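Structural description and commentary
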Amino acid sequence: MSNEKFKIFLTFDDLMDRGLSRDELWSDLPRVHRIFSDMMYDAGIELGVELTGVLLVQVYLLQAQGMLVVVTRTEPVDFEDEEDYMEMKVTLDERNEMMFCFDNFEDVIQAGIHLNQLNVIGGSVYFYHEHYYMLFRDEDIWHLDADQVIALLSEFASASTATSHRLIEYGKTIMDSHACEMIVEYFS
């Protein structure tokens, strides 16, 4: 068996362009399956490979960023005779966190001060590959509308597809858990 893996990132606008809303991902499974089949066909053309066999499609919904689609192609030896055979197994996972990428620490400070003015004390800050990342879990911003937080952070940063697991494992923790409170305490 050989495994090939690739990632696709889609914004929620990309999803809407394909005629599917975020809420329909959970409710209209036959339609979701058709749309992902079309996407796999398009991805195969773009990658220059024919996607056949069993495709494991893991969809991670990221609150601010859109969705990260991880496709693993497994080709059991038995299926070599059936070139057009494709089976998809789609799993959906919604992440209860927001991740933003900053070019410099001054922007992290400004974002933290503005968020603290909205009674946000939480959040974590990491440094990874020459960028700063600010991570918020649902409990950090539960009292605010997610779109309000996204709009504010978009003034200083861009949404990131990096996962918290990657940052925790490979990045350097600058502030753990009470970032907005610490930023105000030390930098304002």
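Residues numbered from 1 in each chain as written. Predicted model: local features only at pLDDT ≥ 70, side-chain atom pairs only at ≥ 80, totals over all residues. Heavy atoms only, no water.

**Quick word on the overall build of the chain**
Counted only if it meets this: Secondary structure elements follow DSSP: runs of H or I no shorter than four residues count as helices, runs of E no shorter than two count as strands, and numbering proceeds from the N terminus. For each residue, the accessible area found with a 1.4 Å probe, counting protein chains only, is set against the maximum for its type, and the residue is called buried under 20%, exposed over 50%, and partly exposed in between. In this description, contact between two residues means that some pair of their heavy atoms is separated by no more than 4.5 Å. Surface accessibility in these figures is a Shrake-Rupley result with a 1.4 Å probe; residues are shielded only by whichever protein chains are displayed.
Looking only at helices and strands, the chain features seven helices and nine strands. Here the chain, with 188 residues, has 43% of them falling under the buried criterion. For the chain, restricting intrachain contacts to residue pairs at least 6 apart in sequence, the fraction spanning at least 24 positions comes to 76%. Just so you have it, the chain exposes about 10600 Å², and 48% of that area is on carbon and sulfur atoms.

**Some thoughts on helix α3 (residues 29–47)**
Quick note on the threshold: For a helix, the expected span equals 1.5 Å multiplied by the number of residues minus one.
In this model α3 runs 26 Å from its N-terminal to its C-terminal C-alpha over 19 residues, within 8% of the 27 Å that 1.5 Å per residue would give. Of all the positions in α3, only Val32, Ile35, Phe36, Met39, Met40, Ala43 and Gly44 are classed as buried. Of the residues one or two after α3, glycine 48 is the one with positive phi, at around 75°.

**Concerning the pairing of strand β7 (residues 131–137)**
Applied cut-off: Pairing between strands is defined by DSSP: at least two bridges between them are needed.
Within β7, five of the seven residues are buried, leaving the element largely enclosed by the surrounding structure. Where strand β5 (residues 97–102) lies against β7, six bridges are found, and the strand directions are antiparallel. Paired with cysteine 101 across the bridge in β7 is tyrosine 133. Relative to β7, strand β6 (residues 124–128) is paired through five bridges, and the arrangement is antiparallel. By the bridge assignment for β7, valine 125 is matched with methionine 134. Between the antiparallel neighbours β6 and β7 lie two residues, among them histidine 129 with a positive phi of about 50°.

**Describing the sheet that holds strand β9 (residues 172–175)**
Strands pair in a sheet through their backbones, by hydrogen bonds, and they do so in one of two ways: parallel or antiparallel. Here is the rule: For helices, the fitted axis covers only the stretch in contact; all axes are lines through C-alpha atoms, and the angles between them, taken along N-to-C directions, range from 0 to 180 degrees.
Ordered in space as β8-β5-β7-β6-β9, the five strands form an open sheet in which the pairing is antiparallel. The sheet is open, and its two edges are formed by β8 (158–159) and β9, each paired on a single side. As defined by bridge partners, β5 adjoins β8 across two bridges and the pair is classed as antiparallel. Opposite cysteine 101, over in β8, you have serine 158 as the bridge partner. Across the sheet, helix α4 (residues 105–116) lies against β5, β6, β7 and β9, angled at about 25° from β7, the strand it touches most. Contacts between helix α5 (residues 146–154) and the sheet are confined to β5 and β7, with β5 contributing the most and set at about 10° to the helix.

**Topic: the packing of α4 against helix α7 (residues 179–187)**
The test is simple: Angle categories are assigned with fixed cut-offs, so that under 35 degrees is roughly parallel, over 145 is roughly antiparallel, 65 to 115 is roughly perpendicular, and the rest are oblique. Here the nonpolar group is Ala, Val, Leu, Ile, Met, Phe, Trp, Tyr, Cys and Pro; Asp, Glu, Lys and Arg are the charged ones; every other residue, Gly included, is treated as polar.
Relative orientation of the contacting elements α4 and α7 amounts to 110°, with a least axis distance of 8 Å. In terms of orientation, α4 lies roughly perpendicular with respect to α7. Within the contact between the two elements, α4 uses Phe105, Val108, Ile109, Gly112, Ile113, Leu115 and Asn116 and α7 uses Cys180, Glu181, Ile183, Val184 and Phe187. Residue classes in the contact of α4 with α7 are distributed as nine nonpolar, two polar and one charged.

**Overview of unusual backbone geometry**
One non-glycine residue, asparagine 119, lies in positive phi territory at about 65°. Here glutamate 130, not a glycine, exhibits a phi torsion of approximately 65°, which is positive. Looking at where glutamate 130 falls in the secondary structure, it is placed in the loop between β6 and β7. Residue class for glutamate 130 comes out exposed when judged on its relative accessible area of 63%.

**Remarks on the side chain of aspartate 140**
What counts is decided by this rule: Here Asp and Glu are counted as negative and Lys and Arg as positive; His is not counted, and neither are the chain ends. Any carboxyl oxygen of Asp or Glu within 4 Å of a side-chain nitrogen of Lys or Arg constitutes a salt bridge here. Nitrogen and oxygen atoms within 3.5 Å of one another constitute a polar contact, given that in protein one can donate a hydrogen and the other can accept it, and given that sequence-neighbouring residues count only through two side-chain atoms.
Along the chain, the position of aspartate 140 falls in the loop between β7 and α5. As a buried residue without a salt bridge, aspartate 140 has its nearest oppositely charged side chain in arginine 137, at a separation of 6.0 Å. Polar contacts involving the side chain of aspartate 140 include one to the main-chain amide nitrogen of arginine 137, which spans 2.9 Å. Those residues in contact with aspartate 140 that lie beyond four places of it in its chain are Val120, Gly122, Gly123 and Leu135.

**A few points about the nonpolar core**
Our working definition: Think of a nonpolar core as a cluster: buried Ala, Val, Leu, Ile, Met, Phe, Trp, Tyr and Cys residues, connected wherever their side-chain atoms sit within 4.5 Å.
If you look at the biggest cluster of nonpolar residues, it comprises 25 residues, and the most contacted ones within it are Phe102, Leu115, Met134, Phe136 and Leu153. Elements that contribute at least two residues to this core include exactly β5, α4, β7, α5 and α7. Per element, the largest residue contribution to this core is five residues, and it comes from α4. Apart from residues lying up to four places away in sequence, leucine 153 is in contact with Phe100, Phe102, Ala111, Leu115, Met134 and Phe136.

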